[in-house]
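# Per-entry structural report
Here are the chains, one letter per residue:
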Amino acid sequence: MTREQIKEQFPEATEEQITAILNINGTDLAAAKKNTVDPKTLKKLQEDSAAYQKLQQAGLSDEEKIQKQLKAAKDAEAEFKKKSNRLDVEKILVTAGLTEEDYKDLIDGLVSEDAEASKTLATNLSSMLAKQKEAAIQKTKEELMDGTKGGAGGSGGSGGSGGGEGGDDESDGAKYAQMYNAQYEV
């Protein structure tokens, strides 16, 4: 910034004020230049840091290197076990008639590193669902059977010891069968 630029910005400024502004500006520029890192210096520092990291790795004892590799191998093995067990659990659940949409929120709770525990949980879940399904089917059958009166053991419309009026003695089941036959012309 020059004196002329300051006068343009502040036409009423005195010479002392202009000098003060220039001094402040100069101080700020000097500080900024002092804190700026030369690109060549920065690149050298980055190279030194990378070399230091390599030296640290090389400075590990053989036992430390082995322990590091063992930990990585154990982590990979645990991940593989979980993925394998997940496939087994999915197979059990699909065999039980579930879709991925049905079990997607549950599967993470069923899968662990222990294959037997994972399979047992999945089998127990599928067994419970099968029992509930069977109970629902049975209940529906019972409700449907309760809805019909009479049944196969009643006195039919003809051939029985009844008075021969036939149509009035029909069971609800027989009436339903007639309606069904009439509707579908069986």
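Residues numbered from 1 in each chain as written. Predicted model: local features only at pLDDT ≥ 70, side-chain atom pairs only at ≥ 80, totals over all residues. Heavy atoms only, no water.

### Digging into the overall build of the protein
This is how the line gets drawn: What counts as a helix is a DSSP run of H or I of at least four residues, what counts as a strand is a run of E of at least two, and both are numbered from the N terminus. Whether a residue is buried, partly exposed or exposed follows from its accessible area with a 1.4 Å probe, protein chains only, as a fraction of its type maximum: under 20%, in between, or over 50%, in that order. Throughout, a residue-residue contact means that at least one pair of heavy atoms, one from each residue, lies within 4.5 Å. All accessible-area figures derive from a Shrake-Rupley calculation using a 1.4 Å probe, and residue coverage is judged against the displayed protein chains alone.
The secondary structure content of the protein amounts to eight helices and zero strands. When burial is assessed residue by residue, the protein has 9% of its 186 residues classed as buried. Taking the intrachain contacts of the protein between residues at least 6 apart in sequence as the baseline, contacts between residues at least 24 apart amount to 40%. Accessible area for the protein stands at about 15400 Å²; split by element, carbon and sulfur atoms hold 54% of it.

### A few points about a nonpolar patch on the surface
Test applied: Patches here are clusters of residues that have more than 30% relative accessible area and form no salt bridge, with a 9 Å joining cutoff for like charges and a 5 Å cutoff for nonpolar side chains (Val, Leu, Ile, Met, Phe, Trp, Tyr). By definition here, a salt bridge exists when the distance from a side-chain nitrogen of Lys or Arg to a carboxyl oxygen of Asp or Glu is within 4 Å.
A surface patch of nonpolar side chains, amounting to about 380 Å² of accessible area, comprises Tyr176, Met179 and Tyr180. Here Met179 shows up in helix 8 (residues 172-184). On the accessibility criterion, Met179 (56% relative accessible area) is exposed.

### Details of the pattern of salt bridges
All chains considered together, the criterion is met by nine salt bridges. Ionic pairing is found between Lys71 and Asp75, a salt bridge with its closest N-O pair at 3.1 Å. Of this pair, Lys71 and Asp75 both sit in helix 4 (residues 62-95), four residues apart, roughly one helical turn. In this structure, the salt-bridge partner of Lys119 is Asp88, at a minimum N-O distance of 3.9 Å. Placement of Lys119 in helix 7 (residues 115-146) and of Asp88 in helix 4 is noted, with a sequence separation of 31 residues between them. A relative accessible area of 27% places Asp88 in the partly exposed class. Through salt bridges with shared partners, a single network forms among Arg3, Lys7 and Glu15.

### A few points about the nonpolar core
Generally speaking, nonpolar side chains in soluble globular proteins are found buried as a group. The test is simple: For this analysis, a nonpolar core means a set of buried residues of the types Ala, Val, Leu, Ile, Met, Phe, Trp, Tyr and Cys, connected via side-chain atoms within 4.5 Å.
One finds Val89, Leu93, Leu98, Tyr103, Ile107, Leu110, Val111, Ala122 and Leu125 forming the largest nonpolar core, which totals nine residues. The residues contacting Tyr103, other than those within four sequence positions of it, are Glu90, Leu93, Val94 and Leu98.

### Side note on helix 4
Because each turn of an α-helix spans 3.6 residues, side chains separated by three or four positions in sequence point in the same direction. Rules: Multiplying 1.5 Å by the residue count of a helix minus one yields the expected span of that helix.
The end-to-end C-alpha distance of helix 4 is 49 Å, a good match for the 50 Å that 34 residues give at a rise of 1.5 Å each. Considered for burial, the residues of helix 4 that qualify are Ala78, Asn85, Val89 and Leu93. Buried positions along helix 4 lie against helix 5 (100-103), helix 6 (107-110) and helix 7. Just downstream of helix 4, Gly97 is the residue with a positive phi angle, here 95°.

### What to know about the packing of helix 4 against helix 7
Test applied: Lines fitted to C-alpha atoms define the axes here, with helix axes fitted over just the stretch in contact, and angles between the N-to-C directions of these axes take values from 0 to 180 degrees. Angles below 35 degrees are treated as roughly parallel, those above 145 as roughly antiparallel, those between 65 and 115 as roughly perpendicular, and all remaining angles as oblique. By the definition used in this description, the sense in which the near helix is turned from the far one sets the handedness, with an anticlockwise turn below a right angle giving left-handed and a clockwise turn giving right-handed.
Running from N to C, helix 4 and helix 7 cross one another at 15°; their axes reach a closest spacing of 9 Å. Taken together, the axes of helix 4 and helix 7 are roughly parallel relative to one another. The two elements helix 4 and helix 7 cross, and the hand of that crossing is right-handed. Seen from helix 4, the contacting residues are Asn85, Asp88, Val89, Ile92 and Leu93; seen from helix 7, they are Ala115, Ser118, Lys119, Ala122, Thr123, Leu125 and Ser126.

### Let's talk about the confidence of the model for the protein
Interpretation of the predicted coordinates at a detailed level should be avoided for regions scoring low in pLDDT. As a reminder of what qualifies: Within a predicted model, pLDDT stands for the predictor's per-residue confidence, ranging from 0 to 100.
Per-residue confidence for the protein averages 78 on the pLDDT scale, and 80% of its residues sit at or above 70. This stretch, residues 154-167, has a pLDDT under 50; its non-local contacts, to residues over four places away or in other chains, come to two contacts.

### Observations concerning helix 7
As a reminder of what qualifies: The definition of a polar contact used here is a pair of N or O atoms within 3.5 Å, where within protein one atom must be able to donate a hydrogen and the other to accept one, and adjacent residues in sequence count solely through side-chain atom pairs.
For helix 7, which comprises 32 residues, the first-to-last C-alpha distance of 46 Å matches the rise-based estimate of 46 Å (1.5 Å per residue) to within 8%. Buried residues belonging to helix 7 abut helix 4 and helix 6. Sitting at the amino-terminal end of helix 7 is Asp114, which places a side-chain oxygen 3.3 Å from the backbone nitrogen of Glu116.

### Regarding the side chain of Asn85
Among the structural elements, Asn85 can be located in helix 4. There is a polar contact of 3.1 Å between the side chain of Asn85 and the backbone oxygen of Glu113.

### Concerning the side chain of Ser126
Mapped onto the elements, Ser126 comes out in helix 7. A relative accessible area of 11% means that Ser126 is categorised as buried. A polar contact is formed between the side chain of Ser126 and the backbone oxygen of Thr123, at a distance of 2.9 Å.

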